[in-house]
Amino acid sequence: MESRAKSMGHAIHPILIVFPLGLLATSVIFDILYLITDRTGFQVSAAYTIAAGVIGGLVAAVFGLIDWSAIPAGTRAKRVGAVHGLGNVVVLVLFAVSWLLRRGADNWDPNAGALVCSFAGIVLAGFTGWLGGELVERLGVSVSDGAGVNAPSSLSRRPRARGA
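Residues numbered from 1 in each chain as written. Predicted model: local features only at pLDDT ≥ 70, side-chain atom pairs only at ≥ 80, totals over all residues. Heavy atoms only, no water.

Considering the nonpolar core
Moving on, step 1. If you look at the biggest cluster of nonpolar residues, it comprises nine residues: Met1, Ile71, Ala77, Val80, Leu131, Leu135, Leu139, Val141 and Val149.
Moving on, step 2. Every element with two or more residues in this core is listed here: helix 4 (76–103) and helix 5 (112–138).
Moving on, step 3. With sequence-adjacent residues up to four places away left out, Leu131 is seen in contact with Val80, Val83 and His84.
Moving on, step 4. Formed by eight residues, the second largest nonpolar core is a distinct cluster that contains Val91, Leu92, Phe95 and Ala125. (Core = buried A, V, L, I, M, F, W, Y, C linked by side-chain atoms within 4.5 Å. Buried < 20%, exposed > 50% of the residue type's maximum accessible area, 1.4 Å probe, protein only. Helix = DSSP H or I, 4+ residues; strand = E, 2+ residues; numbered from the N terminus. Contact = heavy atoms within 4.5 Å.)

Details of the packing of aromatic side chains
Moving on, step 1. The full count for this structure, using the stated rule, is three aromatic pairs.
Moving on, step 2. Taken together, a centroid distance of 5.3 Å and an interplanar angle of 40 degrees make the contact between Trp99 and Trp108 tilted.
Moving on, step 3. Put simply, the rings of Tyr48, Trp99 and Trp108 pair up and form one aromatic cluster.
Moving on, step 4. Cation over ring: Lys78 sits above Trp68, and NZ or CZ is 4.0 Å from the ring centre. (Phe/Tyr/Trp six-rings, centres within 6.5 Å; stacked < 30°, edge-to-face > 60°. Lys NZ or Arg CZ within 6 Å of the ring centre and 35° of its normal.)

A closer look at the environment of Pro72
Moving on, step 1. As for its position among the elements, Pro72 is in the loop between helix 3 (40–69) and helix 4.
Moving on, step 2. Considered as a pair, Pro72 and Asn150 are 78 residues apart in the sequence and their alpha carbons are 10.0 Å apart.
Moving on, step 3. Sequence-distant contacts of Pro72, that is, excluding residues within four places in its chain, are made with Met1, Lys78 and Val149.

Considering a nonpolar patch on the surface
Moving on, step 1. On the surface, Ile17, Val18, Phe19 and Leu21 cluster together to form a nonpolar patch covering roughly 350 Å² of accessible area.
Moving on, step 2. Structurally, the position occupied by Val18 is in helix 2 (residues 18–37). (Patch = residues over 30% accessible without salt bridge, like charges linked within 9 Å, V, L, I, M, F, W, Y side chains within 5 Å. Areas by Shrake-Rupley, 256 points an atom, 1.4 Å probe, with all protein chains shown as cover. Salt bridge = Lys/Arg side-chain N within 4 Å of Asp/Glu carboxyl O.)

Concerning unusual backbone geometry
Moving on, step 1. Positive phi values are uncommon outside glycine, yet Asp38 reaches one of about 60 degrees.
Moving on, step 2. By secondary structure assignment, the location of Asp38 is in the loop between helix 2 and helix 3.
Moving on, step 3. Residue class for Asp38 comes out exposed when judged on its relative accessible area of 57%.
Moving on, step 4. Here Trp108, not a glycine, exhibits a phi torsion of approximately 60 degrees, which is positive.
Moving on, step 5. One can find Trp108 in the loop between helix 4 and helix 5.

This is the structure we're talking about:
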């Protein structure tokens, strides 16, 4: 099934998600570098990349919701899409909480809670990213009108039936 929100023939949601995912992953790298080196610039950079990642994630979510609403009800794709979307909402909340916990500190110094939120958020983002890949790669969502919205999981080792 084709995406409802397209630009120049391509679905907008998959184009936009690379920015928040990359920014949030980079913030975790900055946190790790800060913990290793204790250099001030890393936690400041982490805070700014978290803010940009959360804003970008909210923009990408709008287009993901538009696409999800077009998936036929009662299909595996609809269920996977719901878990993918709700999981990503939790990812954004975790990073937003991490940002808020840093906000009042000198130089955006992350406390343990901020770090736990960020690290949990990036682990969850890995899972929700896999689900997004499952939607596109296995179930054909946002690919074409002839996609198989009831194809089995790519982990099942069962081949996708032609025309499914």
